[in-house]
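Take a look at the letters that make up each chain.
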Amino acid sequence: MRTDTQESMRPVASKFNCAPCRRVLSTAAGVALGLLLAQPPVATAEPGSAGQMIAVPGGTFQMGDPQGDANETPKMVTVGPFQMMQREVTNRQFSEFVAATGHRTDGERTGSGYVWGRSWRLSKGADWRHPDGADSSIKGKADHPVVQVSAGDAAAYCAWRGLRLPDEKEWEFAARGTDGRRYPWGNDRPFEEQSRRGNFGTAACCAPDRSDGYERTAPVGTYPSGASPYGLLDMAGNVWEWTSSRFPGEPDHVVLRGGGWGNNSYCLRASYRHGNPPQIGLNMVGIRCARDPES
Ligand SMILES: [Ca+2]
Ligand SMILES: [Ca+2]
């Protein structure tokens, strides 16, 4: 069952309705989720420019959220061990891929990409080098996450690095571990007591918040207090991340996870699911790669 929350990411202005994004999670419910069981990150050195890979041990966890959307009905899920990039793929990293392979993104081929204003609009000339439209650029944003990449572009990038996209079970496990926490850092809201745990939007869905100095993307890893139990950064916010999973019941849509710079706390929850057509790029959607453990 799809909801209007999911429609909020769809690039169809007439369908835009982010009302569910305004849902406020009760503090009592958050507290009731219990104590957190933080686990130290286990990092493995990564040669080249792929960035640091984090070893995620795998295990069994409750996927979903009883207070979330209908498609978040909790169920017990087991994932095997894998590794995942500590940070989102940056413009610098993606430019290395393009320089080496000549890859042209779907946005470059079609000559347009979706840009968020008060709604999603298809912007001529928007692509990964011009994330917010033809007149924008990535100058000074080498360490910001690459955006305006399709699911195919994301998979091609990961493959070039010898990696792959995570499926959504792996993604959710990496984001929240096994203790049922709502967000990567725990159950506290993304911004409390001067501690900002990610790059996200205002409480009034779905508007960017420039109070952190970043109206749209921020350099990857800017918010260390938002780390997941395994030490992954920006799993909530900054940019949504493509997975390799098809959206249940909608095989033409691919699951995105994590929320972005324009979303409020409801959409930043580790269990929140959204589906998009795989061929489109948006200026709030990026890449994080995974791989199987080294044998
Ligand atoms: Ca911001
Ligand atoms: Ca993210």
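Please read all numbers here as calculations on a predicted model, not as lab measurements.

1. Structural notes on the overall build of the protein
1) Next: When helices and strands are tallied, the protein shows seven helices and 14 strands.
2) Next: For the protein, the proportion of its 295 residues judged to be buried stands at 51%.
3) Next: In the protein, the proportion of contacts linking residues at least 24 apart, taken out of those at least 6 apart, comes to 67%.

2. Considerations on helix α3 (residues 91–101)
1) Next: Along α3, the residues that are buried comprise Asn91, Gln93, Phe94 and Phe97. Along α3, the residues classed as buried sweep out an arc of 165 degrees about the axis, all on the same side. Turned more than 90 degrees from where α3 packs its buried face, Ala99 and Ala100 sit exposed.
2) Next: Buried residues belonging to α3 abut α5 (151–160).
3) Next: Once α3 finishes, Gly102 follows within two positions and takes phi at roughly 70 degrees, a positive value.

3. Regarding the nonpolar core
1) Next: Among the nonpolar cores identified, the biggest contains 64 residues, and Met84, Ala154 and Ala174 are the most heavily contacted of them.
2) Next: For this core, the leading source of residues is α5, giving five residues.
3) Next: The contact partners of Ala174, leaving out residues within four places of it in the chain, are Val56, Met84, Pro166, Ser228, Tyr230, Leu232 and Met235.

4. Brief notes about the sheet that holds strand β11 (residues 250–257)
1) Next: Ordered by their spatial adjacency, four strands build an open sheet running β12-β11-β10-β13, and the pairing between neighbours is mixed. Here the strands that pair on one side only, and so sit at the sheet edges, are β12 (273–276) and β13 (285–286).
2) Next: By the bridge criterion, four bridges tie strand β10 (residues 240–247) to β11 in an arrangement that is antiparallel. Within β11, the residue paired with Arg246 across the bridge is Val254.

5. What about the environment of Asp106?
1) Next: With respect to the helices and strands, the residue Asp106 is situated in helix α4 (residues 106–110).
2) Next: When the C-alpha positions of Asp106 and Trp128 are compared, they lie 9.8 Å apart, and in sequence the two are 22 residues distant.

Cut-offs and rules
- Residues numbered from 1 in each chain as written.
- Chains lettered and ligands numbered in written order.
- Predicted model: local features only at pLDDT ≥ 70, side-chain atom pairs only at ≥ 80, totals over all residues.
- Helix = DSSP H or I, 4+ residues; strand = E, 2+ residues; numbered from the N terminus.
- Buried ≥ 20, exposed ≤ 12 C-beta atoms within 10 Å, placed from the backbone.
- Contact = placed C-beta atoms within 7 Å.
- Arc of directions from axis to C-beta.
- Core = buried A, V, L, I, M, F, W, Y, C linked by C-beta atoms within 7 Å.
- Pairing = 2+ DSSP bridges.

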